[in-house]
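Structure at a glance
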Amino acid sequence: MSAGPAALLEVEHLTMRFGGIAAVNDVSFRVQTNEIAALIGPNGAGKTTLFNCLTGFYKPPVGRMQLHAGDGKPFLLERMEGFRIAREARVIRTFQNARLFAGMSVLENLIVAQHTATARASGAVSGILGLPAHRKATRIARDLARHWLDRTGLMFAADELAGSLPYGMQRRLEIARAMCARPRLLCLDEPAAGLNARESDSLNTLLLDIRREHGTSILLVEHDMSVVMRVSDHVIVLDHGVVIADGAPADVRNNPDVIRAYLGAANGTTAIRAVAIAC
Amino acid sequence: MWRLRVLAAFHELRDCAALRDAGRAGGIAAVLAFPILGFRLADSPQGLRLETRFSWVVFAAAAVFIARLMHHGLHRLPGLAFARAPGFANIAARARFSEPSTYAALIVFAVLLPWLPFTGRNTVDRATLILIYVMLGTGLNIVVGLAGLLDLGYVAFYAVGAYSYALLWQNFGLSFWECLPLAGALAAGFGLALGFPVLRLRGDYLAIVTLGFGEIVHVILLNWTPVTGGPNGIAGIPRPTFFGLPFAPSAPEGGKTFADYFGIAFSPLHRIYFLYYLILAMALIGAALVWRLRRLPLGRAWEALREDEIACQSLGLNPTIIKLSAFALGAMFAGFAGAFFAARQGFISPESFTFIESAIILSIVVLGGMGSQLGLTLAAILLVGLPEWFRDLAEYRMLAFGAAMVLVMQWRPKGLAQRRAPTVRLGNAPAPAPAQAMAEAP
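Please read these numbers as outputs of a predicted model, since none were measured by experiment.

1. Re the overall build of chain B
Secondary structure assignment for chain B yields 20 helices and four strands. Looking at the 442 residues of chain B, the share that counts as buried comes to 35%.

2. Concerning the overall build of chain A
What chain A contains, in helices and strands, is 12 helices and 10 strands. A globule of 279 residues ought to have a C-alpha radius of gyration of about 19 Å, and chain A, at 20 Å, matches this closely. Dimensions of chain A, computed from C-alpha atoms along their principal axes, come out at roughly 70 × 40 × 35 Å. Looking at chain A residue by residue over its 279 residues, the buried ones come to 48%. At a minimum sequence separation of 6, the contacts of chain A that also span at least 24 residues come to 64%.

3. Topic: the sheet that holds strand β5 (residues 75-76) of chain A
Residues and elements named next belong to chain A. Taken in spatial order, the four strands of this open sheet run β2-β1-β4-β5, and their pairing is antiparallel. For this open sheet the edge positions go to β2 (21-32) and β5, each flanked by a neighbour on one side alone. Note: strand β4 (residues 62-67) against β5, two bridges, orientation antiparallel. Along β5, the bridge assignment pairs leucine 67 with phenylalanine 75. Strands β1 (7-18), β2 and β4 of the sheet are contacted by helix α1 (residues 47-54), whose axis makes an angle of about 65° with β2.

4. Some details on the domain arrangement of chain B
Splitting chain B by domain gives domain 1 (2-94) and domain 2 (102-250 + 257-411). Taking the mean C-alpha position of each, domain 1 of chain B and domain 2 of chain B sit 37 Å from one another.

5. Some details on unusual backbone geometry
Residue and element names in this part refer to chain A. In this structure, glutamate 190 is a non-glycine residue whose phi angle is positive, near 50°. Following the sequence through the fold, glutamate 190 ends up in the loop between β7 (185-189) and α8 (197-214). Under the C-beta neighbour-count criterion, glutamate 190 is labelled buried, with 21 such atoms within 10 Å. Located in the positive-phi region is histidine 240, a residue other than glycine, with phi close to 50°.

6. A closer look at the confidence of the model for chain B
Residue and element names in this part refer to chain B. Here chain B shows a mean pLDDT of 83. Residues at 70 or above account for 86%. Mean pLDDT across the elements of chain B bottoms out in helix α20 (residues 434-440) (40) and peaks in helix α16 (residues 319-345) (95). In the predicted structure, residues 79-83 sits below a pLDDT of 50 and forms five contacts with residues beyond four places in sequence or in another chain. Confidence drops under a pLDDT of 50 for residues 429-442, and excluding neighbours within four residues, the segment shows 16 contacts in the predicted structure. As scored by the predictor, the complex reaches a pTM of 0.82 and an ipTM of 0.88.

7. Side note on helix α11 (residues 256-263) of chain A
Looking only at α11(A), the buried set comprises A:Val258, A:Ile259 and A:Ala261. For α11(A), the angular spread of the buried residues around the axis is 160°, confining them to a single face.

8. As for the packing of helix α17 (residues 355-368) of chain B against helix α18 (residues 373-389) of chain B
All names here are of chain B. Running from N to C, α17 and α18 cross one another at 130°; their axes reach a closest spacing of 7 Å. When the interaxial angle is binned, α17 and α18 end up oblique. As α17 packs across α18, the resulting crossing turns out to be right-handed. Listed contacts from α18 to Ile360, Ser363, Ile364, Val365, Leu367 and Gly368 of α17 are Gly375, Leu376, Leu378, Ala379, Ala380 and Leu383. Along the lines of polarity and charge, the residues of the contact of α17 with α18 split into nine nonpolar, three polar and no charged.

9. Looking at the interface of chain A and chain B
Across the contact, 38 residues belong to chain A and 32 residues belong to chain B. At the level of elements, α2 (82-89), β6 (91-93), α3 (106-112), α4 (115-122), α5 (124-129), α6 (132-151) and α8 of chain A are the ones that each hand at least two residues to the side of chain A that touches chain B. A total of six residues in the side of chain A that touches chain B trace back to one element, the largest contributor, which is α6(A). Classifying every residue of the side of chain A that touches chain B by side-chain character gives 16 nonpolar, 11 polar and 11 charged.

10. Looking at the environment of B:Gly38
Residues and elements named next belong to chain B. Take glycine 38: it is sitting in helix α2 (residues 16-38). In sequence terms glycine 38 and leucine 317 are 279 residues apart; their C-alpha atoms lie 59 Å from each other. When residues no more than four places from it in sequence are discounted, the contact partners of glycine 38 are Ala33, Thr52, Arg53, Phe54, Trp56 and Val57.

11. Some points on α6(A)
Over its 20 residues, α6(A) runs 29 Å from end to end, which matches the ideal 28 Å to within 8%, given 1.5 Å per residue. Taken from the residues just after α6(A), A:Gly153 is the one with a positive phi, measuring 70°.

12. Things to note about the pairing of β1(A)
Residue and element names in this part refer to chain A. With eight bridges joining them, β1 and β2 adopt antiparallel strand pairing. Bridge pairing in β2 links glutamate 10 to arginine 30. Judged from the five bridges that link them, β1 and β4 form a sheet pairing that is antiparallel. Bridged to threonine 15 within β4 is valine 62.

13. Some thoughts on the pairing of β7(A)
Across a regular strand the side chains alternate sides, sitting on one face of the sheet and then on the other. Residue and element names in this part refer to chain A. With five of five residues buried, β7 is to be regarded as a mostly interior element. By the alternation rule, side chains of β7 split into Leu185, Cys187 and Asp189 and Leu186 and Leu188, which are all buried. Pairing geometry for β6 and β7, over three bridges, is parallel. In the sheet register, valine 91 faces β7, and the bridge partner there is leucine 185. When β7 meets strand β8 (residues 217-221), the two strands line up parallel, connected through five bridges. Of the residues in β8, the one forming a bridge with cysteine 187 is leucine 219. Handedness of the β-α-β unit built from β7, α8 and β8 comes out right-handed.

14. Overview of the sheet that holds β7(A)
Residues and elements named next belong to chain A. Across the sheet, six strands lie side by side as β6-β7-β8-β3-β9-β10; this open sheet has mixed pairing. Either end of the sheet is taken by a strand with one partner, and the two such strands are β6 and β10 (242-247). Between one strand axis and the next, the sheet turns through 20° on average, direction left out of account. Here strand β3 (residues 36-40) pairs with strand β9 (residues 234-239) via four bridges, running parallel. Directly across from alanine 37, in β9, lies its bridge partner histidine 234. On top of the sheet, α11 reaches β9 and β10; it is set at about 130° to β10, its chief contact.

15. A closer look at the nonpolar core
All names here are of chain B. Met135 and Tyr165 are the most contacted members of the largest nonpolar core, which has 180 residues in total. The leading source of residues in this core is α16, at 16 residues. Beyond its immediate stretch of four places on either side in the chain, tyrosine 165 contacts Phe176, Cys179, Ala183, Ile237, Ala339, Ala342 and Ala343. With five residues, the next largest nonpolar core counts Ala22, Val57, Ala61 and Phe65 among its residues.

Rules of the game
- Residues numbered from 1 in each chain as written.
- Chains lettered and ligands numbered in written order.
- Predicted model: local features only at pLDDT ≥ 70, side-chain atom pairs only at ≥ 80, totals over all residues.
- Helix = DSSP H or I, 4+ residues; strand = E, 2+ residues; numbered from the N terminus.
- Buried ≥ 20, exposed ≤ 12 C-beta atoms within 10 Å, placed from the backbone.
- Rg over C-alpha atoms; globule rule 2.2 N^0.38 Å.
- Contact = placed C-beta atoms within 7 Å.
- Pairing = 2+ DSSP bridges.
- Axes fitted to C-alpha atoms, helices over the stretch in contact; angles between N-to-C directions.
- Domains from an automatic or database assignment.
- pLDDT = per-residue confidence, 0-100.
- Arc of directions from axis to C-beta.
- Parallel < 35°, antiparallel > 145°, perpendicular 65-115°, else oblique.
- Left-handed = near helix turned anticlockwise from the far one by under 90°.
- Nonpolar A, V, L, I, M, F, W, Y, C, P; charged D, E, K, R; others polar.
- Expected span 1.5 Å × (residues − 1).
- Right-handed = clockwise from strand over helix to strand, strands pointing away.
- Core = buried A, V, L, I, M, F, W, Y, C linked by C-beta atoms within 7 Å.

Now the structure itself:
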């Protein structure tokens, strides 16, 4: 692990227990600024638990999670309420099963995501009276929403109900919505789950573009190795709540511990070949 | 072609399934009607006597059988089939329930109502009552329709508003106009008081706690006799004045009445019309405020909370503030309505603030279609107006009420306004070019 001051997210000795089970056990890793990091591991390895700790849904009893926002003191995520992590540290997540505002239109979903900025800029009185400050805030919100509709190819569906979209579009909308909240760190929970080959290809492009154009760092939990291997700079492998490998994709792919965790094989070139094919 | 289809429809009536189903419905009706309609206690010189009237049971069962059979037949008529197509429902909803012209027409009608040739004192009185419920529905709509928090104790805030005015007048001699904002503020305060303990609850559990809250307020009003007057209530509450000018046949000393001031003959109608316009103005301001709020970050946050609380949190929305603001603002509307109610009746007692009121207000919101202002206005007219207009039916008017409710739910299962129009649309401007958007985006 390279310990540079540029790390955006530093997780140290994070532990989360449910009864006697340590779902996440003494986990430490870093995500550098402008990096796409992937968190992989077999089912039940603790990936989603880790996500829930990062975004404030669980309060881990042990460990430290620091987010360096560039200037000033780092945010200590383990001490912040969930909505503050999203609002102030701007760690924004998506969910394994898209959690959209199904009864609202696609555009409204994207506008709600900008709630904090819009509410602050427009103000209560100016909002009720429709004064210029409010109108300007609304226009900015709509422009950003339009930008992300365009990027995710959902422009044509802007006024449709979010819940009426097909599954693949809902996943894209969730990413667009997260981006509208202007994240420093975007946490994606299995963004490619249920997508076909072409859709996951365009997801790859989208993630790389997000990183390139907006400098947003991305942490993703993923099972789809084609996504993980192609987009990530850095792969962290969890098994039974413990980090078993951490490094560049190519290194992790050939790590015997990883192969064992995935295939349960003690040894054997067959297993290595199987992983190579899967990747 | 059309005639053929009608014929075919009635041919299908021979279909045994329809007959069997109608028979079953008739059978159920007979079983239900047997104890309800079949027996009757009657007064006679020898004391109470049990009368039987089994012919009624037969009639009821036959009526249900025929109605059910017609229901089957009608389903297959081309016109109705068309009305049931989802596309048509959308068109109808768009045409009738989203157009500003409908709002304009309703408002113009409401303003002109007292001057229409067929309206008398009674009609204006009933319209005033309906508007009180529109006001209450508007407030509850914030809590239930927009924020999605099921509140079964809403009547508590209505009571708080009414008793605020009554008690502030009784103890401090404050006038209606001074009490109106205070009643709203006090009710909002009670809304917050209810909001805090229920922040973590949702769904059924929230409903039970709010139900309990409504009962607590009712029981306090009933038993805290030294302050609230207990079951006797508070009487002699002064009527609202026209900005200081009372509506009375003779002026108090050194003052002028409304009629004197404008140089017109006194008529008791003045006050009734004034009350009507007052509540109309209050309801319109309330509706306008909600319309505006829905287009603001706060209003959208309410709706987002209804859709998914966890997603709200993950986007940086503070659920505590959103819930409390919904409870407080919703309660404030009930507070205003309560103060108006006290001023209109001149007498209030815990009788007026029972659970059934909460149920009626909730029905208005649900029947109107969750979140729709126009829908709840129509529902208030239907639910509060119909039983009033069917008073001639005496004890059977609740039957008409129930029948109307069943019909509406058949016709529009999601409420009168089924389609929610988005609160924001993309402007007509073309999408910004990628390069430009990149430069603008942070």
